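# Reading the structure
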Amino acid sequence: MIRLEERKPSGREKDQAAVDRLAELREKLHSEDVSTARKAAFGLSWMQEDGLDIFVEALFGSFPRTTKQAAAYGLRSMNGRMKKMAEDVLIKGLTHSNRITKEACAKSLLLMKQAPAARKKGGFRGRPGGGGGRPRGPRIREFRGRGPVRNDYSPRSGPPRNGPPRGGNR
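Residues numbered from 1 in each chain as written. Predicted model: local features only at pLDDT ≥ 70, side-chain atom pairs only at ≥ 80, totals over all residues. Heavy atoms only, no water.

### Topic: the nonpolar core
One broad rule of soluble globular proteins: the nonpolar side chains tend to lie buried together. Which entries qualify depends on this criterion: Residue types Ala, Val, Leu, Ile, Met, Phe, Trp, Tyr and Cys, when buried and joined through side-chain atoms within 4.5 Å, form a set referred to as a nonpolar core. For every residue, the accessible area (1.4 Å probe, protein chains only) is compared with the maximum for its type, and the residue is labelled buried under 20%, exposed over 50%, or partly exposed between those bounds. In this description a helix means any DSSP run of H or I spanning at least four residues, a strand means any run of E spanning at least two, and both kinds are numbered starting from the N terminus. In this description, contact between two residues means that some pair of their heavy atoms is separated by no more than 4.5 Å.
Leu29, Leu44, Phe55, Leu59, Leu75, Met78 and Leu90 are the most contacted members of the largest nonpolar core, which totals 26 residues. Those elements that provide at least two residues to this core are α1 (16-29), α2 (34-45), α3 (48-60), α4 (65-76), α5 (82-93) and α6 (99-120). Filtering out sequence-adjacent residues up to four positions away, Leu59 remains in contact with Lys68, Ala71, Ala72, Leu75, Val89, Leu90, Thr101 and Cys105.

### Things to note about α1
Applicable threshold: One less than the residue count of a helix, multiplied by 1.5 Å, gives the span that helix is expected to have. The directions from the helix axis to the C-beta atoms are what the arc is built from.
Here α1 contains 14 residues, and its C-alpha end-to-end distance of 20 Å stays within 8% of the 20 Å for a straight helix at 1.5 Å per residue. All of the buried residues along α1 are Leu22, Leu25, Arg26 and Leu29. One side of α1 carries all its buried residues, which in axial view fall inside an arc of 105°. Tucked into the core, α1 has its buried residues touching α2, α3 and α4.

### Things to note about the environment of Glu103
Considering the arrangement of structural elements, one finds Glu103 in helix α6. For the pair Glu103 and Ala72, spaced 31 residues apart in the sequence, the C-alpha separation amounts to 9.8 Å.

### As for the packing of aromatic side chains
Threshold: Pairing of aromatic rings covers Phe, Tyr and Trp, the last through its six-membered ring, and needs centres within 6.5 Å; plane angles under 30 degrees mean stacked, over 60 mean edge-to-face, and all others mean tilted. The rule is short: NZ of Lys or CZ of Arg within 6 Å of the ring centre and within 35 degrees of the ring normal puts a charge over the ring.
As enumerated under the stated definition, the model contains one aromatic pair in all. We note Arg38 situated over the ring of Tyr73; from NZ or CZ to the ring centre the distance is 3.9 Å.

Structure, rendered in structure tokens:
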């Protein structure tokens, strides 16, 4: 595990809990486990400018591939007014001297551009762009065959069962 320098609070944090949370997520972003790093990046993506500062540090610093990829993932996961700033950071990363930084930024920008088209395709019902509502195709209709109605309580064939009768009026 990489030993990180202590991060100086930016002054935007509201209380000590926010400072502690940022420090925890920053530590997890530098994890060797990709899943942990990506989860931390997603959490940081909601932290506005503080998250952006941490992503820039991770992306342009001398850190391993997993950290840079997780930071790029976090940048493309940013929402609202931060999305444009995150995109600018990724574009800036395309001209960086580190090959891993360039690749991570290029991949994230590509995925950011493809995201609206990918959402329009089908998927599960109830999801955005997933085609909720009535199913397409012919409606399935009930087929009533000839003969008496059979259910689970009437024998299909063979002798009657032994034992007391089920249900019925006594």
